[in-house]
Amino acid sequence: MTDQIVIDQDVTIEVWSDVACPWCYIGKTRFLSALDRFENKDRVNVIWRSYQLAPETPVGEGRTELDALVEMKGMAPDQVRQMFAHVSATAAEVGLTLDFETVIAANTFDAHRLLHLAGERQNELLEALFKAHFSDGKVIDDREVLVELAVSVGLDADVVREQLGSDAAAEAVREDLSMARQLQVSGVPFFVANRAVAVSGAQPEEVFLQLLTQASEPA
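Residues numbered from 1 in each chain as written. Predicted model: local features only at pLDDT ≥ 70, side-chain atom pairs only at ≥ 80, totals over all residues. Heavy atoms only, no water.

**Q** How should I be thinking about the overall build of the chain in this particular structure?
**A** Helix and strand counts for the chain stand at nine helices and four strands. In terms of overall dimensions, the chain has a C-alpha envelope of 55 × 40 × 30 Å along the principal axes. Taking all 219 residues of the chain together, 47% fall into the buried category. Residue pairs at least 24 apart in sequence account for 74% of intrachain contacts in the chain once pairs closer than 6 positions are excluded. Looking at the chain, you have 18 positive and 36 negative side-chain charges, and the mean spots of the two groups are 1 Å apart. (Helix = DSSP H or I, 4+ residues; strand = E, 2+ residues; numbered from the N terminus. Buried < 20%, exposed > 50% of the residue type's maximum accessible area, 1.4 Å probe, protein only. Contact = heavy atoms within 4.5 Å. Lys, Arg positive; Asp, Glu negative; His and termini not counted. Charge placed at Lys NZ, Arg CZ, Asp CG, Glu CD.)

Dropping the structure here:
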């Protein structure tokens, strides 16, 4: 057993991710599992930051993820299906069920706004958004679907509906996107510890444990 690390200050982990990114879903699951194993997890502050892989996706278009990726990446449908199968198999290893047959391509800007507005319910809402998009075939750029998901984690429907109908938290999302550009984030998930150490991708739990340990060591 290793000696317990003494942390003289809190560790802040910022995570740039997109709710339409399956590797972000897998990465979140692996990271939180690693955090749960970390001896000083109570001293770790996790901040989920916004990123959009496909900001140009039209709101409400309702295209399947298959059709959207065939056009976006110029791949044959069978190639995309093979990619889906690989991602689904990897997700299953951490207990996630991804059903790409039902995934609808969505613009995630409003979902990110809602995450900024969720307060202490943010982590629960993020999980609900991932599940809705990748497992339940829900259209997460439909504001009524977002209200439904917000209510499922304890938020007030009328308040959320009013917030989504305004520009609430839009600037917060833009600031996250701007920070990502400044940090030269080119893919997600992207994990930054204390703005000093970074890890990119849905890494194994052990890599996240190393990140937490390194960020916890005295400077």
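**Q** Quick question: what am I supposed to make of the pairing of strand E3 (residues 190–193) here?
**A** The side chains of a regular strand alternate between both faces of the sheet. What you see with E3 is no split at all: Phe190 and Val192 on one side and Phe191 and Ala193 on the other are buried throughout. Here four bridges tie strand E1 (residues 11–17) to E3, and the two strands are oriented antiparallel to one another. Residue pairing across strands places Val15 opposite Phe191, the latter belonging to E3. As paired strands, E3 and strand E4 (residues 197–200) are joined by four bridges and run antiparallel to one another. From the neighbouring strand, Ala193 faces E4, where its bridge partner is Val197. (Pairing = 2+ DSSP bridges.)

**Q** So what exactly am I meant to see when it comes to the layout of surface pockets here?
**A** By rolling a water-sized probe across the atoms, one finds the places where empty space is left. Its volume calculated, the largest pocket comes out at about 410 Å³. What lines the largest pocket is a set of 22 residues, and nearest its centre among them are Ala20, Pro22, Leu53, Glu65 and Leu69. Every element with two or more residues in the lining of the largest pocket is listed here: helix H1 (22–37), helix H2 (65–73) and helix H3 (77–92). Sorting elements by how many residues they give to the lining of the largest pocket places H2 first, with five residues. Tallied by class, residues from the lining of the largest pocket come to 15 nonpolar, four polar and three charged. (1 Å grid on protein atoms, 1.4 Å probe; cavity = no way out; pocket = protein on both sides within 12 Å on 5 of 7 lines; lining within 4 Å. Points joined across faces, edges and corners; volume = space filled by probe spheres on them. Nonpolar A, V, L, I, M, F, W, Y, C, P; charged D, E, K, R; others polar.)

**Q** Help me understand helix H8 (residues 170–182), please; the structure alone is not making it clear to me.
**A** Residues three or four positions apart in an α-helix share a direction because the helix packs 3.6 residues into each turn. With 13 residues, H8 ought to run about 18 Å at 1.5 Å a step, and its terminal C-alpha atoms sit 19 Å apart, in line with that. Where the residues of H8 are buried, they touch E1, strand E2 (44–50) and helix H4 (109–117). Where H8 terminates, the next one or two residues include Gln184, which has phi positive at roughly 60°. (Expected span 1.5 Å × (residues − 1).)

**Q** Explanation requested: the pairing of E4 in the structure shown.
**A** Of the two faces of E4, only one is covered, namely that formed by Val197 and Val199; the face formed by Ala198 and Ser200 stays uncovered. Hairpin geometry of E3 and E4 is characterised by an intervening segment of three residues between the two adjacent antiparallel strands and by a positive phi of about 55° at Asn194.

**Q** Would you mind going over empty space enclosed by the protein with me for this structure?
**A** This model, assessed by the stated rule, comprises one cavity of 30 Å³ or more. When its volume is computed, the largest cavity comes out at roughly 60 Å³. Forming the boundary of the largest cavity are Ser17, Trp48, Arg49, Ser50, His112, Leu115, His116, Gln122 and Leu126. Elements that contribute at least two residues to the lining of the largest cavity include exactly E2, H4 and helix H5 (122–134). Residues belonging to the lining of the largest cavity are distributed by class as follows: three nonpolar, five polar and one charged.

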